[in-house]
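Residues per chain, in single letters:
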Amino acid sequence: MDRIVPKKKAQGVDICGDSKLVYIVRSDLGCYMKCPDFIHGKDLSVHSLSLPCKGGDHYLADKDHFYVIKKNEFLPVTNMTTDTLRKAVPLHPNCQGGDHYLSHSGYFFIIFLDKGIYRRTTNLNSDADGHEYPLDPGCKAGLYFWATGNLIHFLRDDSKWGVQVDFVNELNEFIPGLEISVHPDVINFLPGGLAVTQGSAFGKWENIKSIDNPSSSVLNWEKKITKKVGFTREKMSSIEHNWKISMTATYQSGDLTAAFAKYQFSLGAEYGGVKVDTDKEQWSEATDVEETMKIEIKPGQSIYIWQYNLGLGKESVLFCRDLLIDDVPTPPTKIPLPAAPQ
């Protein structure tokens, strides 16, 4: 089963919540989603992150502020889109190095998974009222943690039921059975979510032309061939249909979908990707392109022209520019794209 990428492996990705809304932060893509309804996926909106809010290690929120944690400091802001000038505050040593951070009922919670504990404090800078508690083992499956209203939430993947949100009153009191399924329009925004909703990514060679030379003399073959190059932007943009895009010039229409597809292709197989870097490929709308080819074909030889493409599920969505010419009918094994950065 394809899985959502956990926070520890998704740099710049986090989920936070205030009294009413949930915010899914994709700092890696320069945006975040306001999500009032995980179950039905209603009123989803996507917004730009301001420059100071990009590149955070953790994001959390309370009724008054968002908090962006970078290394051993945190930045309180009132709006992640418009706030630009703020003063960073040091984290108390007891509050540093957490795996997850959230705010709930006037407290800040710092989760240390390896230690099996969480710390609760009223002030991240002074560690006022700081105290440690055991983390319920059932909470360790959480991929992301946040709080809204009177409950703490965590996201997990269930092999049987898919992407779920669990609810707890306290992190040391997990009661199984209090969970909801996450709507596909929300899953699409999560790292690895496209593979969950669309199917795993794949890369394959497609034979676009075959030429035989049954004669006893050399054949000098020169013709134009047509290949499709680019991204099926219009078709893939359906994942945005239930998102209200309220962003700056960071992304033009359809560019956001392309950014999510690029990320999905860069992931390893564990998260439904193919671990390739597609930055240098053509990501504009796929179009037919003619290319003149000159091939010398020996007597009795057959030539096969292959094009590499990438897709999700069963459908190709990105058609690469380079072609490969071979004399065997089986697809090449070489991957023509560089490996994605670790």
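Structural notes, computed from the coordinates.

Calculation notes
- Residues numbered from 1 in each chain as written.
- Predicted model: local features only at pLDDT ≥ 70, side-chain atom pairs only at ≥ 80, totals over all residues.
- Heavy atoms only, no water.
- Helix = DSSP H or I, 4+ residues; strand = E, 2+ residues; numbered from the N terminus.
- Buried < 20%, exposed > 50% of the residue type's maximum accessible area, 1.4 Å probe, protein only.
- Contact = heavy atoms within 4.5 Å.
- Areas by Shrake-Rupley, 256 points an atom, 1.4 Å probe, with all protein chains shown as cover.
- Lys, Arg positive; Asp, Glu negative; His and termini not counted.
- Charge placed at Lys NZ, Arg CZ, Asp CG, Glu CD.
- Pairing = 2+ DSSP bridges.
- Axes fitted to C-alpha atoms, helices over the stretch in contact; angles between N-to-C directions.
- Polar contact = N/O pair within 3.5 Å; in protein donor to acceptor, adjacent residues only side chain to side chain.
- Salt bridge = Lys/Arg side-chain N within 4 Å of Asp/Glu carboxyl O.
- Expected span 1.5 Å × (residues − 1).
- Phe/Tyr/Trp six-rings, centres within 6.5 Å; stacked < 30°, edge-to-face > 60°.
- Lys NZ or Arg CZ within 6 Å of the ring centre and 35° of its normal.

Here we look at the overall build of the protein
And then number 1: If you tally the helices and strands in the protein, you get four helices and 22 strands.
And then number 2: For the C-alpha atoms alone, the extent of the protein along its principal axes is close to 90 × 40 × 35 Å.
And then number 3: For the protein, with 342 residues in total, the buried portion stands at 51%.
And then number 4: Taking the intrachain contacts of the protein between residues at least 6 apart in sequence as the baseline, contacts between residues at least 24 apart amount to 57%.
And then number 5: Accessible surface for the protein amounts to roughly 16,500 Å². Of this, 49% is attributable to carbon and sulfur atoms.
And then number 6: Once the 37 positive and 43 negative side-chain charges of the protein are each reduced to a mean point, those two points are 3 Å apart.

Considering the sheet that holds strand β16 (residues 179–181)
In a beta sheet, neighbouring strands are held together by backbone hydrogen bonds and run either parallel or antiparallel to one another.
And then number 1: Spatial strand order, β13-β14-β15-β16: four strands in an open sheet with antiparallel pairing. In this open sheet, the two edge strands, each paired with only one partner strand, are β13 (144–148) and β16. Taking each pair of neighbouring strands and ignoring which way they run, the sheet shows an average axis angle of 30°.
And then number 2: Across three bridges, the pairing between strand β15 (residues 162–168) and β16 is antiparallel. What sits directly across from Val-165, in β16, is Ile-180.

Here's the deal with the side chain of Lys-7
And then number 1: Residue placement: Lys-7 occurs in the segment before β1 (13–17).
And then number 2: Of note is the side chain of Lys-7, whose polar atom sits 2.6 Å from the backbone oxygen of Asp-57.
And then number 3: Leaving out residues up to four positions away in the same chain, Lys-7 has contacts with Val-13, Asp-14, Asp-57, His-58, Asp-99, His-100, Leu-143 and Tyr-144.

Structural notes on the pattern of salt bridges
And then number 1: Taken as a whole and assessed by the stated rule, the structure comprises 16 salt bridges.
And then number 2: Across the pair Lys-9 and Glu-270 runs a salt bridge, and its minimum N-O distance is 3.9 Å. In this pair, Lys-9 is assigned in the segment before β1 and Glu-270 in the loop between α4 (255–266) and β20 (287–297), connecting sequence segments 261 residues apart.
And then number 3: Taken together, the salt bridges that share partners define one network made up of Arg-3, Lys-9 and Glu-270.

Things to note about α4
And then number 1: Its 12 residues give α4 an end-to-end C-alpha distance of 17 Å, which sits within 8% of 16 Å, the value for a rise of 1.5 Å per residue.
And then number 2: Burial within α4 is extensive, with nine of its 12 residues counted as buried.
And then number 3: By the burial criterion, the buried members of α4 are Leu-256, Thr-257, Ala-258, Ala-259, Phe-260, Ala-261, Tyr-263, Gln-264 and Phe-265.

Re the packing of aromatic side chains
And then number 1: What the rule picks out here adds up to 16 aromatic pairs.
And then number 2: Aromatic pair Phe-189 and Trp-243: ring centres 5.4 Å apart, planes at 80°, arrangement edge-to-face. Taken together, the residues span a long stretch of sequence, with Phe-189 in the loop between α1 (184–187) and α2 (193–198) and Trp-243 in strand β19 (residues 243–246) at a distance of 54 residues. The residues Phe-189 and Trp-243 share a single accessibility class, namely buried.
And then number 3: Between Trp-205 and Tyr-308, the aromatic rings sit 5.2 Å apart at their centres with planes inclined by 65°, giving edge-to-face as the arrangement. Here Trp-205, found in strand β17 (residues 201–212), pairs with Tyr-308, found in strand β21 (residues 302–312); they are 103 residues apart in sequence, far enough to count as distant.
And then number 4: Given a relative accessible area of 5%, Tyr-308 falls into the buried group.
And then number 5: The positively charged end of Arg-26 is found above the aromatic ring belonging to Tyr-263, 4.7 Å away from the centroid.
And then number 6: The ring of Phe-112 is capped by Lys-115, whose NZ or CZ atom sits 5.1 Å from the centre of that ring.

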